[in-house]
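Given next are the chains, with one letter for each unit.
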Amino acid sequence: MSQTHIKTEWIEITAEDGKTFKAYQALPHKGKGPGILLIQEIFGVNGHIRGVAEQYAMDGYSVIAPDVFWREAPGVELGYDGDDWKAAVAHKQALDYPTVISDLRAATQALRASPVCEGPIASVGYCMGGVLSYLCALDAGVDAAVCYYAGGLTEYLDRAGELAVPAQFHFGAEDDHIPLAHVEQTRDAFAANREVEVHLYDGAEHGFNCWSRASYHQQAAALAHGRTLTFLAGRKA
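In this report, we go over the structure that sits alongside the text. Worth saying up front: this structure is predicted, and the values here are computed from it rather than measured.

**A closer look at a negative patch on the surface**
Piece 1. On the surface, Glu-174, Asp-176, Asp-202 and Glu-205 cluster together to form a negatively charged patch.
Piece 2. Residue placement: Asp-176 occurs in the loop between β7 (167-172) and α5 (180-189).

Have a look at this one:
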């Protein structure tokens, strides 16, 4: 990655139960910056997620993308169709969310203690990772959360009143995994919270940010990324 002057490597993180797991780390040119806990989709820390980590590193952030599936299938990387899709769904169904949040809390603490992190830490997650990003805002000690097309989020909206940090949600208007009624439920749940943003993108489907998928929507992805950067830039230590 010499052309972009960012540094990437796999690092080890110690979980709360003492076991270790890997996370993909991408650092900006100067070697440190505000932190991002990047949370994968159901396809693992695959090439796209690593690319997103590098994208945020080029934006000046110190990013770690933990391997969420490490307890059941460490290092798994999957595509978006056929048998890979089926395997990804099976991996998600095998997850114990409280254990995952424990691991993400350990990752947040490791990033906060690292010399590569200066400033606040935000969780940024996609699909399954979007739900986990929201839960990290509640239980893992991040300073802000960004949640892209978080399918299943409505299962946790009963905890909306517990949210004590800023959050931003991104949904596609043509998402066949997330009904528009769920987007409205999200808006309603946070209507009184002035530190929460909910954005809806016309013409965008599920996974619109992923340039490796057929559902990639360039305009929505660019607009959402710009809004994410503006949101993150407003966070102070």
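**Examining the pattern of salt bridges**
Piece 1. A complete count under the given rule lists 13 salt bridges for this structure.
Piece 2. Close ionic contact of Glu-9 with Lys-7 constitutes a salt bridge, the shortest N to O distance being 3.9 Å.
Piece 3. The exposure class assigned to Glu-9 is partly exposed, which follows from its relative accessible area of 33%.
Piece 4. Across the pair Glu-162 and Arg-159 runs a salt bridge, and its minimum N-O distance is 2.8 Å.
Piece 5. Given the relative accessible area of 45%, Glu-162 is considered partly exposed.
Piece 6. Salt bridges sharing partners connect three or more residues here, namely Asp-17, Arg-71 and Asp-103.

**What about the environment of Leu-138?**
Piece 1. Locating Leu-138 in the fold gives a position in helix α4 (residues 128-139).
Piece 2. Residues Leu-138 and Pro-166 lie 28 residues apart in sequence; the distance between their C-alpha atoms is 11 Å.

**Brief notes about helix α6 (residues 218-233)**
An α-helix turns once per 3.6 residues; consequently, residues spaced three or four apart project the same way.
Piece 1. The terminal C-alpha atoms of α6 lie 22 Å apart, and with 16 residues this matches the ideal 22 Å at 1.5 Å per residue to within 8%.
Piece 2. Those residues of α6 not exposed but buried are Ala-220, Ala-221, Ala-224, His-225, Thr-228, Phe-231 and Leu-232. When α6 is viewed along its axis, its buried side chains cluster within an angular range of 125 degrees and face the same direction. Summarising the geometry of α6, the exposed residues directed more than 90 degrees from the buried face are Gln-219, Thr-230 and Ala-233.
Piece 3. Lining the buried residues of α6 we find β3 (33-39), α1 (47-58), β5 (117-126), β6 (144-148), β7 and β8 (196-201).

**What to know about empty space enclosed by the protein**
Piece 1. Taken as a whole and assessed by the stated rule, the structure comprises one cavity of 30 Å³ or more.
Piece 2. Within this model, the largest cavity holds a volume of roughly 40 Å³.
Piece 3. Ala-150, Gly-152, Leu-153, Thr-154, Phe-171, Ile-178, His-182 and Thr-186 are the residues that line the largest cavity.
Piece 4. Of the residues assigned to the lining of the largest cavity, the class counts are four nonpolar, four polar and no charged.

**Regarding the state of the cysteines**
Piece 1. One pass over the full model with this rule turns up zero disulfides.
Piece 2. Cysteine Cys-136 remains unbridged, with the sulfur of Cys-147 as its closest cysteine sulfur at 9.1 Å.
Piece 3. Residue Cys-136 is classed as buried on the basis of its relative accessible area of 0%.

What counts as what
- Residues numbered from 1 in each chain as written.
- Predicted model: local features only at pLDDT ≥ 70, side-chain atom pairs only at ≥ 80, totals over all residues.
- Heavy atoms only, no water.
- Patch = residues over 30% accessible without salt bridge, like charges linked within 9 Å, V, L, I, M, F, W, Y side chains within 5 Å.
- Areas by Shrake-Rupley, 256 points an atom, 1.4 Å probe, with all protein chains shown as cover.
- Salt bridge = Lys/Arg side-chain N within 4 Å of Asp/Glu carboxyl O.
- Lys, Arg positive; Asp, Glu negative; His and termini not counted.
- Charge placed at Lys NZ, Arg CZ, Asp CG, Glu CD.
- Helix = DSSP H or I, 4+ residues; strand = E, 2+ residues; numbered from the N terminus.
- Buried < 20%, exposed > 50% of the residue type's maximum accessible area, 1.4 Å probe, protein only.
- Expected span 1.5 Å × (residues − 1).
- Arc of directions from axis to C-beta.
- Contact = heavy atoms within 4.5 Å.
- 1 Å grid on protein atoms, 1.4 Å probe; cavity = no way out; pocket = protein on both sides within 12 Å on 5 of 7 lines; lining within 4 Å.
- Points joined across faces, edges and corners; volume = space filled by probe spheres on them.
- Nonpolar A, V, L, I, M, F, W, Y, C, P; charged D, E, K, R; others polar.
- Disulfide = S-S within 2.5 Å.

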